[in-house]
Amino acid sequence: MWVRNAVFIGALIGAGLAIRASLFPLSTESRRVKFDPTPVQADEFQAVVRQVNAAFQADWGARGIEPAPKATDLAIARRLSLALAGTVPSLEEIRQFEAQPPESRLDGWANHLLHDRRHADYFAERLARAYVGTEDGPLIAYRKRRYLAWLAEEFRKNTSYAEIVRQMIATQGLNTDRPAVNFIAATYDDDRKAPDPEKLAIRVSRAFLGLRIDCAQCHDHFLEPAWKQTHFQSLAAFFGQTKHTITNIADGDGEYRFEDRVAGGTHEIAPAVPFLPNLLPAEGTRRERLAAWVTDPRNVHFNRATVNRVWAMMFGRPLLKQIEAQTLDETIPPALDILAADFAKNGHDLRRLMLLIASTDVFRLDSAAPFEITDAHEDSLAVFPLTRLRPEQVIGNVIQAASVTTIDQQSHVFTRLRRYFNERDFVKRYGDADDDSFAKSTSTIPQRLLVMNGDLVDGKAREELLNASSQIAMFAANDAAAVETAYLAALTRRPTPVERDHFAARLAGAGGDARKRHLADLYWVLFNSTEISWNH
Amino acid sequence: MPRFDRRGFLAAAGVSWLTPLGTALARAAEASRAPAKSLVVLWLGGGPSQLETFDPKPGTNIAAGTKAIPTAAKGVQLAAGLERVADQMRHVSLVRSLWSKEGDHERGTYALKTGYRPDPTVTHPSLGAIICHDLPGAGVEIPRHVSILPNEWPARGGTLGPEFDAFKMFDPAEKVPDTTPQVPGDRFESRFEDLKIVDGAFAAGRGKRVAATGHTDAMARARRMMTSDQLKAFDVSTEPEAVKRAYGNTAFGRGCLAARRLLDVGVRCVEVTLAGWDSHANNHEITTRLKSELDPAFAALLNDLHERGTLKDTVVLCVGEFGRTPQMNPLGGRDHWPHNFTAAIAGGGLRGGLAIGESDPEGGKDPADKQPVANLHATVLRALGINHEKTLRGPLGRTFARSEGTPIAALS
């Protein structure tokens, strides 16, 4: 009997030590974040960062605008984590971050995130919305999960973005064996028993070139005289020979005919690109030729569109007015051209691009300012934009904040599964934004009700043993430290003196369950704050 | 056999001059009639078979044995199993020549709920969202656009914004989700007090930017809803037993009853979903079971609204994302068929007892008097006094009409 008691007590002590180790700087080597700022320190890298900084300085100078001061390192670390991995830094990561030398820790943190599996998964999921939409698509003909897994793996390997796009446009094969073909398969049209060339022309021009020429699908464009219906349809013609048999995508022959929606009947049209015709190779299947044209380093639209989209994912808004422009004559901000040129010159290296953006001054500006923030400040990015987090980021934040350790690939499978189901349920209820339109949006009542009263969020705030709130209540050295730890876990910042004193006073003298209850209340408050559901 | 209709009769009787007079009188009556105020959509998710519901073809091959029953509307039959709706048919008209191009559930749902085909450049608002947007209501503390028992694709606000998305709720036998605090009242109050401290710290140096997030405002409105008396409209348990029985002891029946109660407190649009009509196999068993839920609920709702005198203020629309193939497949099922299906529409001052359009008895040809789905939207909007041609603005400045359809003339 005493053996069982001893084992039980031993297990309790072990669990207690494990929790304590998680709360405060830890010792396991495998869980240590690798802060490696070296890629950022290279001279040529810094030269590009300086160019971008100078471009923004010149713009602010010309407009007579004073930019906001630099944000705190923790605020920038949160931004990076949300942008690159879709979640907030864990307490465990914050402790390690703060132990690093201040001058290089942000560079090291950004580089770490870009090598984290969570980044590849998150980016694949986000970008896939632009590539294949959010629909589940036709059964059997289309394998969305396979496609997402493939995309994530390519991002993890940091495959050249041009190569990833080439594979999507040009690959032939089975949708399970060559998952890239699902880009084509997603448009499978049951009526024609083939992929839909028009849909593919829309996706290619939007997702990869940042252009909306699809208004010319049925008629010549009203706003942009340069876009004729023939431009659109001859782009679609590149997909006119693509066949889809059960699960196989292959190229055959035959000419593409499009339906005349205005006058009736159909017209045959040969493939042609709407601009830069000299970049179109003569050899290869139609899709291979199109892929080579889209991803040619000299195709500035591809480079700019990619930079603009990645910029939007990091800032919550694009550098151009829209993710997808309707015209070719939009003024291009100098910073976009600098980054686009660098992207093409460096083999379409996405990781380098994100690291560059993360290293610029403009990415590190505060979202608050000691002066009145005007529209001119907003327009010129002289303050960091406030943008609503996506549903999966909000719940990711809540789930991560409720755990003192990082929830990632190394977490127990049970923890990861629970995260997966929690996230799915929450996103379903909270409302999934359809695509990455980066439209301005505000909070809604069902969202607020869900966070205020929903089981899921409350379950994460509740005074239960596995939740951070209880663990902090049990292990924090004093009241102020407990408040500070909760703030760090949920909002990635320390409380202001007013906040600290207010909440420490609530905890004062409370022990046991009462203390856990107060900590649970504090967690609820943080989960329901404006700050937690906005990127800032 | 020559058909004898009203026009023919009047002409034969030598009183055809009465027709223009009648038209003028009808127009005058229409002009003076107040527009409807609200909409209930009974959403038959999965795509119901028109042949087993509102467009039976007794005795033909495509009927596959399904019987028809007479209804209160002369010459209009329904499929067996809808006996109670049949009794209410003087209020209901059937659009039997409805036509869409979308044969996929998600795309078809979009087409029927918005009146537009899915378009990657813009998310069109659903009918309910447009109505809530155009007809604001004062003093309503609960969401004015509600979806009861929603499937994956409840009605959305689209370009009008997520605030016009339908508020999702489930079986009214249960509490409205997320409206009850998890902690006692005083503790809940104290949490709200504390929230001011955290939000105050975040607002420092951000001023108007934080106000523009609408967060605090949404919190306040959510709280108002939690304590609102109007929330009791969701709770059907207080209704008399006879009423509950009339609607049927099912989630859908309770949903329809809750819909009526919600309209009473000022809610504009309620969508109640009865899902499961996707009968690729065993079509007859599936539709028989679902009709046993639809029939009492739909009929009780019409009767209830009529008796309370509010049917003229409420459009009731019953439809799914598409119909089903006239030919049975080898599994005894019917597959997706957007080329010709039926919607039932009642109330809101629209004419009842009509069957508009006629489907092909063989099932192969296009229907007579083909009605694109958008016509349904134009009809409903007009009944609510909304100019369906008035445009809305998409995200890129492109404008589009509230509905690109034409109101179905015979219904008004």
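Use the structure listed above.
Reading the values: the criteria
- Residues numbered from 1 in each chain as written.
- Chains lettered and ligands numbered in written order.
- Predicted model: local features only at pLDDT ≥ 70, side-chain atom pairs only at ≥ 80, totals over all residues.
- Heavy atoms only, no water.
- Pairing = 2+ DSSP bridges.
- Helix = DSSP H or I, 4+ residues; strand = E, 2+ residues; numbered from the N terminus.
- Contact = heavy atoms within 4.5 Å.
- Buried area = accessible area lost by both parts, 1.4 Å probe.
- Salt bridge = Lys/Arg side-chain N within 4 Å of Asp/Glu carboxyl O.
- Polar contact = N/O pair within 3.5 Å; in protein donor to acceptor, adjacent residues only side chain to side chain.
- Buried < 20%, exposed > 50% of the residue type's maximum accessible area, 1.4 Å probe, protein only.
- 1 Å grid on protein atoms, 1.4 Å probe; cavity = no way out; pocket = protein on both sides within 12 Å on 5 of 7 lines; lining within 4 Å.
- Points joined across faces, edges and corners; volume = space filled by probe spheres on them.
- Nonpolar A, V, L, I, M, F, W, Y, C, P; charged D, E, K, R; others polar.

*Asks:* Would you mind showing me how to read the sheet that holds strand 5 (residues 248-251) of chain A here?
*Replies:* Working definition: the strands of a sheet are paired by backbone hydrogen bonds and lie parallel or antiparallel to each other. Residue and element names in this part refer to chain A. What the three strands build is an open sheet, ordered 1-5-4; its pairing is antiparallel. Each end of this open sheet is capped by a strand with a single partner; those strands are strand 1 (173-174) and strand 4 (242-245). Both strand 4 and strand 5 contribute to a ladder of four bridges, which runs antiparallel. Considered in strand 5, the bridge of lysine 243 is made with alanine 250.

*Asks:* Is there a simple way to explain the interface of chain B and chain A in this structure?
*Replies:* When the parts of a complex come together, some accessible area is lost, and that lost area is often used as the size of the interface. In this complex, chain B contributes 49 residues to the contact, which on the side of chain A involves 60 residues. Carbon and sulfur atoms supply 56% of the area that chain B and chain A bury against each other, a total of about 4,700 Å² over both sides. On inspection of chain B and its partner chain A, the count reaches six salt bridges. A salt bridge links B:Arg187 to A:Asp521, with the nearest nitrogen and oxygen atoms 2.9 Å apart. Remark: the boundary between chain B and chain A carries 16 residue pairs in polar contact (both at pLDDT 80 or more). Looking at the side of chain B that touches chain A, the elements that each hand over two or more residues are helix 4 (105-114), strand 6 (167-169), helix 6 (185-203), helix 7 (207-211) and helix 8 (215-227) of chain B. The element best represented in the side of chain B that touches chain A is helix 6 of chain B, accounting for twelve residues.

*Asks:* Even after reading the chapter, I still don't get the pattern of salt bridges, so can you show me in this structure?
*Replies:* In a structure, side chains of opposite charge can pair up when their charged atoms sit close to one another. All names here are of chain A. A complete count under the given rule lists 58 salt bridges over all chains for this structure. Among the salt bridges present, the one from aspartate 479 reaches arginine 515, with a minimum N-O distance of 2.8 Å. Of this pair, aspartate 479 sits in helix 23 (residues 479-491) while arginine 515 sits in helix 25 (residues 512-527), and the two are 36 residues apart along the sequence. The class of arginine 515 is buried, set by a relative accessible area of 11%.

*Asks:* How should unusual backbone geometry be read in this particular structure?
*Replies:* Negative phi is the rule for most residues except glycine; trans is the rule for most peptide bonds. Unusually for a residue other than glycine, A:Ile246 sits at a positive phi of about 55°. Exposure remark for A:Ile246: the relative accessible area of 64% places this residue in the exposed category. Residue B:Asp178 is not a glycine yet carries a positive backbone phi of 65°. Its location among the elements puts B:Asp178 in the loop between strand 6 and helix 6.

*Asks:* Help me out: how do you make sense of empty space enclosed by the protein in this one?
*Replies:* Once rolled over the atoms, a probe with the size of a water molecule shows which space is left empty. Per the counting criterion, the structure on display carries eight cavities of 30 Å³ or more. The calculated volume of the largest cavity comes to roughly 160 Å³. Considering the residues around the largest cavity, the lining is formed by 16 residues, among which A:Gly210, A:Leu211, A:His301, A:Leu320 and A:Ala325 are closest to the centre. Among the residues forming the lining of the largest cavity, the class breakdown is eight nonpolar, five polar and three charged. The computed volume of the second largest cavity comes to approximately 130 Å³. For the lining of the second largest cavity, the secondary-structure elements that each account for two or more residues are strand 1 (38-45), helix 4, helix 5 (127-134), strand 5 (145-148), strand 7 (269-275) and strand 8 (314-319) of chain B. In terms of residue class, the lining of the second largest cavity is built from eleven nonpolar, four polar and two charged.

Nothing here speaks to function; it is all geometry.
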